[in-house]
Amino acid sequence: MPPSICDIGVHTKPKPKSNLYKKKKKKKKNKSNLSFDMDEGSTSHETQRFGSFGSFLRRCILSILSTATIPNHISFIMDGNRRYCKKKNLMEGAGHRVGFLALMAMLRYCYQMGIKCVTDYAFSIDNFKRRPEEVQSLMELMQEKIEGLIKEESMGYFIGNLKLLSKPVRLAAEKAMVATASNSRAVLSSCIAYTSTDEIVHAVQESCQEKWDEIRELNASGAGYGLMELDGNRREQGEHYIGVTDVEKHMYMAVAPDPDIIIRASGETRLSNFLLWQSAYCLLYSPSVLWPEIGFQHLVWAVLEFQRNYFYLKEKKKA
Ligand SMILES: CC(C)=CCC/C(C)=C/CC/C(C)=C/COP(=O)(O)OP(=O)(O)O
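The shown structure was predicted, so the numbers you read here are calculated from the model rather than taken from an experiment.

A. Representation of helix H7 (residues 196-220) in the model. Over its 25 residues, H7 runs 36 Å from end to end, which matches the ideal 36 Å to within 8%, given 1.5 Å per residue. Taken together, the buried positions of H7 are occupied by Ser196, Glu199, Ala203, Ser207, Lys211 and Ile215.

B. Structural context of the sheet that holds strand S3 (residues 73-77). The strand order across the open sheet built from six strands is S5-S6-S4-S3-S7-S8, with neighbouring strands paired in parallel fashion. Strand pairing shows two members of the sheet lacking a second neighbour, strand S5 (155-159) and strand S8 (283-285), which therefore form its edges. Taking the axes of each pair of neighbouring strands and ignoring which way they run, one obtains an average angle of 20 degrees across the sheet. Against the sheet, helix H4 (residues 94-113) engages S3, strand S4 (117-124) and strand S6 (187-194), with an angle of about 160 degrees to S4. Against the sheet, helix H5 (residues 132-149) touches S4, S5 and S6, its axis set at about 160 degrees to S4.

C. Structural view of unusual backbone geometry. Phi at Ser272 is positive, roughly 45 degrees, even though this residue is not glycine. Structurally, the position occupied by Ser272 is in the loop between strand S7 (261-264) and S8. Overall, Ser272 belongs to the partly exposed group, its relative accessible area being 30%. In the Ramachandran plot, Leu275 falls in the positive-phi region, its phi being about 45 degrees despite a non-glycine side chain. Within the fold, Leu275 resides in the loop between S7 and S8. With a relative accessible area of 0%, Leu275 lands in the buried category.

D. Fine view of the side chain of Arg264. Checked against the element boundaries, Arg264 lands in strand S7. Residues within four places of Arg264 in sequence aside, it is in contact with Ile77, Asp79, Arg270, Leu271, Ser272, Leu284, Tyr285, Ser286 and Pro287.

E. Up close: the site of the ligand. What surrounds the ligand is a group of 18 residues, the closest being Gly80, Arg82, Arg83, His96 and Arg130. Here an oxygen atom of the ligand sits 2.9 Å away from a polar atom, N or O, in the side chain of Arg82. Look at the ligand: alone it shows 630 Å² of surface, and the protein chains cover 94% of it. If you map the ligand onto the pockets, it falls in the second largest pocket. When contributions to the shell around the ligand are tallied by element, the ones reaching two or more residues are helix H3 (81-87), H4, S4 and H5. Counted by class, the shell around the ligand contains seven nonpolar, five polar and six charged residues.

Analysis parameters
Residues numbered from 1 in each chain as written. Predicted model: local features only at pLDDT ≥ 70, side-chain atom pairs only at ≥ 80, totals over all residues. Heavy atoms only, no water. Helix = DSSP H or I, 4+ residues; strand = E, 2+ residues; numbered from the N terminus. Expected span 1.5 Å × (residues − 1). Buried < 20%, exposed > 50% of the residue type's maximum accessible area, 1.4 Å probe, protein only. Pairing = 2+ DSSP bridges. Axes fitted to C-alpha atoms, helices over the stretch in contact; angles between N-to-C directions. Contact = heavy atoms within 4.5 Å. Near = heavy atom within 4 Å. Polar contact = N/O pair within 3.5 Å; in protein donor to acceptor, adjacent residues only side chain to side chain. Areas by Shrake-Rupley, 256 points an atom, 1.4 Å probe, with all protein chains shown as cover. 1 Å grid on protein atoms, 1.4 Å probe; cavity = no way out; pocket = protein on both sides within 12 Å on 5 of 7 lines; lining within 4 Å. Sits in = over half its atoms within 2 Å of the grid points. Nonpolar A, V, L, I, M, F, W, Y, C, P; charged D, E, K, R; others polar.

Right under this line is the structure:
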């Protein structure tokens, strides 16, 4: 039986004039049991729909895929949650809740496939410009779900300008990072209060500061270098005052290798200020489904596309 809206624990918008609806509404208010099956990597609906045959089939597909190169790092732009909410006539905010379940399912599929790093774009700095109620509801959702997100034995990172977050969310993120610091199964980075341009500016500022400190130390030690002298010496050796590696080591995303694939739901082919520095050789895959509708098959297509392009991408990186 296909899932109905009431099964996912979120409510449809009320239609006050209809008595019939009121009766139904009572029924719909009963949150039911869409849960995430941690071991099977599926929602209970999937299990209901496809049963153990579905999970057997998934395992077969996973083992076929793993005969070729598996990407190290997949990133998700979780687009289309509000559109899903409208499409299904759900209460405001419900789309993001269903979106979170979709993220959990995709994470488990990635881990089952042997992908070592997963990154999600959970909240952009630009998202702070949304209506205050929407920002508040997203913050509450994140605070509530952060713990669930890192139950997966992965090392959890919260990437971005965390000081822009409200205190409870920031504390929950920091607590989760400490709690998972010694996990080694995979690296899960959630970008919250993140934009690429902010990350790059932050990394450049940090590397400038580092160089200034270096010069100050040299001066204090009596080595007698000034900024220009140090710069001149480096240039003679073919170095520049600040190079790519200096900036890269201060990137928030230095915790993971560059992504191999970015999957952006809802058919959009923009990067929206996400991993701009890191995505130079990355494959962008944009299935036309809304994020809450994304499923195993989309991940499989993305990985097949990566495998088909693998040698080409490898050569590009070398060139
Ligand atoms: C703990 C944790 C990481 C939780 C993540 C929860 C989650 C699914 C966040 C997505 C947030 C977001 C702004 C998505 C973009 O869809 P949209 O709202 O822009 O929808 P639209 O594209 O239809 O406008």
